[in-house]
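# Overview (structure and organization)
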Amino acid sequence: MLSSHNLFFLITICLLSACKKSSDNAPPTPNQYEYAFSSGTEGWTGDFADYPNDPGVEQFYELEFSHAGLPNPLNAADGALKQSGVNRSDDLFMFITKKITGLRPGNTYTVKITVDFATNVANNMVGVGGSPGEGVFIKAGAVAMQPMKTLNTNENWFRMNIDKGNQSNSGGDMKVIGNFANGTNQNTYIIKQLTTTAPLTVKASPQGEIWLVIGTDSGFEGRTTIYYSSVKAMIN
């Protein structure tokens, strides 16, 4: 016959075991990541793809990525990620990316991304190859490997190592969430916000990492300059 002390001990062990089992099977706690770029890049990097591997091509396309203040009439004291390029290939892709660590290795997560950016392109503008607003598509994704450009040796062009889709079409790894038009009839900078309409799904790497990636996929054959003022990601 068990003493009251031993009975209490067994009940405690059972409860602890049940709690551990429940914890192991519980879904991961939602994590929110917020980047405001007030004083720096917050670990985000920028790059470009969908252009030929020709001598001096980066200068010819005037490719630029930097941390900068927002343009007038917005508050120049507020920091942003500035990315700019001239779409001479009729297909330029400009993207920013950030690695997220500390996730459960191999676990499948859903990701919701919200991005705020400055644009000065009015609705329904006309441009070569397409509109400078509606013809520049904003995409967002979450992937288990570092998004980067790679050289396609068959065509000698830089392409992405993930499936971003092409211009107005979403891909397996990135989805169209909107366009670059500012929603007004004025060519003045405003802050526009876009959010993924459906959660992205990604399986964390064996190291417990995923990468967020946001970009502009352009059919407009001219200059696009975007200022990313903030990014938020909810990972569950």
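Everything numeric in this text was worked out from a predicted model, so none of it was measured. (Residues numbered from 1 in each chain as written. Predicted model: local features only at pLDDT ≥ 70, side-chain atom pairs only at ≥ 80, totals over all residues. Heavy atoms only, no water.)

## Some thoughts on the packing of aromatic side chains
Basically, it comes down to this: For this analysis, a ring pair means two rings from Phe, Tyr or Trp (six-membered ring only for Trp) whose centres lie within 6.5 Å, classed as stacked if their planes differ by under 30 degrees, edge-to-face if by over 60, and tilted for the remaining angles. Counting from the N terminus, the helices are the DSSP runs of H or I reaching at least four residues and the strands are the DSSP runs of E reaching at least two. Summary of the burial criterion: residues with accessible area below 20% of their type's maximum are buried, those above 50% are exposed, and those between are partly exposed, where the area comes from a 1.4 Å probe applied to protein chains only. Placement of a positive charge over a ring is assigned whenever Lys NZ or Arg CZ falls within 6 Å of the ring centre and within 35 degrees of the normal to the ring plane.
With the rule as written, the count across this model stands at eight aromatic pairs. Here the aromatic rings of Tyr189 and Tyr227 are separated by 5.7 Å at their centres, their planes lie at 90°, and the arrangement is edge-to-face. Taken together, the residues span a long stretch of sequence, with Tyr189 in the loop between strand S11 (174–179) and strand S12 (190–195) and Tyr227 in strand S15 (residues 223–235) at a distance of 38 residues. Accessibility assignment for this pair places Tyr189 and Tyr227 in one class, buried. Connected via pairs of aromatic rings, a cluster forms that spans Tyr51, Phe60, Tyr61 and Phe158. Seen from the ring of Phe60, Arg88 lies directly overhead, with NZ or CZ sitting 4.3 Å from the centre. If you follow Lys164 out to its NZ or CZ, it ends over the ring of Phe93, 4.8 Å from the centre.

## So, the pattern of salt bridges
Stated precisely, the cut-off is as follows: Whenever a carboxyl oxygen of Asp or Glu lies within 4 Å of a side-chain nitrogen of Lys or Arg, that contact is scored as a salt bridge.
This structure, assessed with the given rule, holds eleven salt bridges. Note that Glu62 and Arg223 form a salt bridge whose closest N and O atoms lie 2.3 Å from each other. Taken together, the residues Glu62 in the loop between helix H2 (57–60) and strand S4 (64–69) and Arg223 in strand S15 connect sequence positions 161 residues apart. With a relative accessible area of 42%, Arg223 lands in the partly exposed category. Its salt-bridge partner being Glu209, residue Lys99 comes within 3.7 Å of it at the nearest N-O pair. Highlighted residues: Lys99 in strand S6 (residues 93–100) and Glu209 in the loop between strand S13 (200–203) and strand S14 (210–218), separated in sequence by 110 residues. What emerges from the salt-bridge pattern is a single network uniting Asp50, Asp91, Lys139, Glu155, Arg159, Lys164 and Asp217.

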